Amino acid sequence: MTETVEDLATLVARFVRSDGVHTTPVPRLDLIRSTQQTQDLHAVHEPALCIVVRGAKRVMLTDHIYDYDPANYLVVSFDLPIIGQITSASHAEPYLCIRVGIDAGVLSDLAVDMPWDEEAPSKGPGLFLGETTPDILDAAMRLVKLIESPDDIPALAKLYERELLYRIIRAPGGRAVLRSVYGPGRGKQISRVIASIKQNYREPFEMAGLAKEAHLQPSALHQHFKAVTLMSPLQYHKRLRLQEARRLMLFEEKSAAQAAFAVGYESPSQFSREYRRQFGLPPMKDVEALAGSILATEPQSGEAVVARLA
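Summarised in this report is the structure supplied together with it. Bear in mind the structure is a predicted one, so any value in this text is a computation, not a measurement.

### Concerning the sheet that holds strand β4 (residues 48-54)
Thought 1: Strand order in the open sheet formed by six strands is β1-β2-β9-β4-β7-β10, and the pairing between neighbours is antiparallel. Two strands lie at the open edges of the sheet, namely β1 (20-23) and β10 (127-131), each paired on one side alone. For this sheet, the mean inter-axis angle between neighbouring strands, taken without regard to orientation, is 20°.
Thought 2: Pairing of β4 with strand β9 (residues 95-101), which is carried by six bridges, proceeds in the antiparallel orientation.

Written out as structure tokens, the structure is:
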């Protein structure tokens, strides 16, 4: 039986009755609902597959824009600082999305088992838009239906997850993007550098140390890092600091100075300048503007804000 987007939307709507991100008993599977459009949300999006089954979303990575809806899914294959915005949602037709966190082990196994197309590009941004085909909908439906059969989850969840990721990799262009992480090239080195920056973003930025860790010359690291993230390592480091400071002010009621010092800035004035350059407003004015609009999203936690409203 071939499932349709509306079939999947009906199923998801049955499980989520309120706005926000809803974790499920199925590992790495979240269901998201929103009855209103959202303002820009700056966040670090973890590797994931996002299938919108109702409504629409826009994601921006630097100056690149990715619009997706029930006709197209989004794959994020690295931890990327993005700007996200739900662009189509209402009480009558809520935004509904399936988010499947990408398990590196599952994806690596699939990459090993599949031949690489040597003509496919080995570099490119760590974002990918693809067509939501009937095969992908069928696999997603099987995964979501497990919510109704918790006893089957231990035996079947990994199989359905693997099938869904397999369909994504086999889609046109899918391997060209995912190979930057799990196939030939510098993907694994860039992944290690990203993990290091995330862990140590409070410390002063040191390009030489990152290059040594990646076993690359600084110029080569800069080139490969920017090919994947569309920003330099320094810009990535700064983006993490600013987004975490924003979270601290918004959800933990820190002052601008407290947030600045907490994320590693030594100068509050430098923090304010860079914050305004990134978000368009001085720190506290930006937080005041966000306070009313954040109610439809789930409060964030952790050392860096993670985009949960996929």
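### A few points about the sheet that holds strand β6 (residues 64-68)
Thought 1: Read across the open sheet, the four strands follow the order β3-β8-β5-β6; overall the sheet is antiparallel. Looking at which strands have only one partner, the edges of the open sheet turn out to be β3 (41-45) and β6. Each strand axis lies, on average, 30° off the axis of its neighbour in the sheet, ignoring direction.
Thought 2: Across five bridges, the pairing between strand β5 (residues 56-61) and β6 is antiparallel. From the neighbouring strand, Leu-61 faces β6, where its bridge partner is His-64.

### Quick word on helix α1 (residues 5-15)
Thought 1: Listed as buried for α1 are Leu-8, Ala-9, Leu-11 and Val-12. Angularly, the buried residues of α1 cover 165° about the axis, an arc narrow enough to put them on a single face.

Cut-offs applied
- Residues numbered from 1 in each chain as written.
- Predicted model: local features only at pLDDT ≥ 70, side-chain atom pairs only at ≥ 80, totals over all residues.
- Heavy atoms only, no water.
- Pairing = 2+ DSSP bridges.
- Helix = DSSP H or I, 4+ residues; strand = E, 2+ residues; numbered from the N terminus.
- Axes fitted to C-alpha atoms, helices over the stretch in contact; angles between N-to-C directions.
- Buried < 20%, exposed > 50% of the residue type's maximum accessible area, 1.4 Å probe, protein only.
- Arc of directions from axis to C-beta.

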